[in-house]
Amino acid sequence: QVQLVESGGGLVQAGGSLSVSCAASGSISGIDDMAWYRQAPGKQRELVASVTATGNTNHADSVKGRFTITRDNAKKTVNLQMNSLKPEDTAVYYCNAEILSGDWNWRNYWGQGTQVTVSS
């Protein structure tokens, strides 16, 4: 029943900005780390940014200074603000979270992914 649903994504010109968000829903007792991954065509999925339950963040070198991950524990959401976008940022972006479900079992969940396309 627990699921992660992304919103946002789309087509943007190089140098522009875009944000994607992810909402956790279902029977949830707690959420630990949350993260954003991305996968470009022909490439492996890579970690873009992560944030702990207490708000400590980590950003991949390739996006550091351009992307910012934030979370809202009350809303059970995680957001990725993407600025100064480059064509190489084009990928499917996936939300990931470690969630304690209503049956008190910790599990790792993935969102369905949302396409971000940066044109040159």
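For the structure, see preceding data.
Now for a description of the structure that goes with this document. (Residues numbered from 1 in each chain as written. Predicted model: local features only at pLDDT ≥ 70, side-chain atom pairs only at ≥ 80, totals over all residues. Heavy atoms only, no water.)

**A word on unusual backbone geometry**
Worth spelling out the cut-off: Accessibility here uses a 1.4 Å probe with only protein chains present; expressed as a share of the type maximum, an area under 20% marks a residue as buried, one over 50% as exposed, and anything in between as partly exposed.
Backbone geometry places K76, a non-glycine residue, at a positive phi of 60°. K76 gets classed as partly exposed once you look at its relative accessible area, which sits at 30%. Residues other than glycine seldom take positive phi values, yet W104 does so here, at roughly 65°. The exposed category is assigned to W104, whose relative accessible area is 61%.

**Let's talk about the environment of N79**
Put simply, the rule reads: Numbering of helices and strands starts at the N terminus; helices are DSSP runs of H or I of at least 4 residues and strands are runs of E of at least 2. Throughout, a residue-residue contact means that at least one pair of heavy atoms, one from each residue, lies within 4.5 Å.
The residue N79 is located in strand β8 (residues 77–82) in this model. A C-alpha to C-alpha distance of 9.3 Å links N79 and E6, two positions 73 residues apart in sequence. Those residues in contact with N79, other than ones at most four positions away along the chain, are S19, V20, S21, W36, T68, I69 and T70.

**Looking at the pattern of salt bridges**
Stated formally: A carboxyl oxygen of Asp or Glu within 4 Å of a side-chain nitrogen of Lys or Arg is what we treat as a salt bridge.
Going through the model one piece at a time under the given rule, you end up with 5 salt bridges. Between D89 and R38 there is a salt bridge whose closest N-O contact spans 3.0 Å. Of this pair, D89 sits in the loop between β8 and β9 (91–101) while R38 sits in strand β4 (residues 28–39), and the two are 51 residues apart along the sequence. A salt bridge links R107 to D103, with the nearest nitrogen and oxygen atoms 3.7 Å apart. Judged by its relative accessible area of 46%, D103 is partly exposed. Salt bridges linked by common partners bring R38, E46, R66 and D89 together as one network.

**Observations regarding the pairing of strand β7 (residues 67–72)**
Note the following rule: For two strands to be treated as a pair, DSSP must find no fewer than two bridges joining them.
By the alternation rule, side chains of β7 split into F67, I69 and R71, which are all buried, and T68, T70 and D72, of which none is buried. Two strands pair when backbone bridges link them, and β7 and β8 are joined in this way by 6 bridges, in the antiparallel orientation. Bridge pairing in β8 places R71 opposite V78. Where β7 hands over to β8, the hairpin turn is made up of 4 residues, of which K76 adopts a positive phi near 60°.

In short, geometric facts, not functional conclusions.
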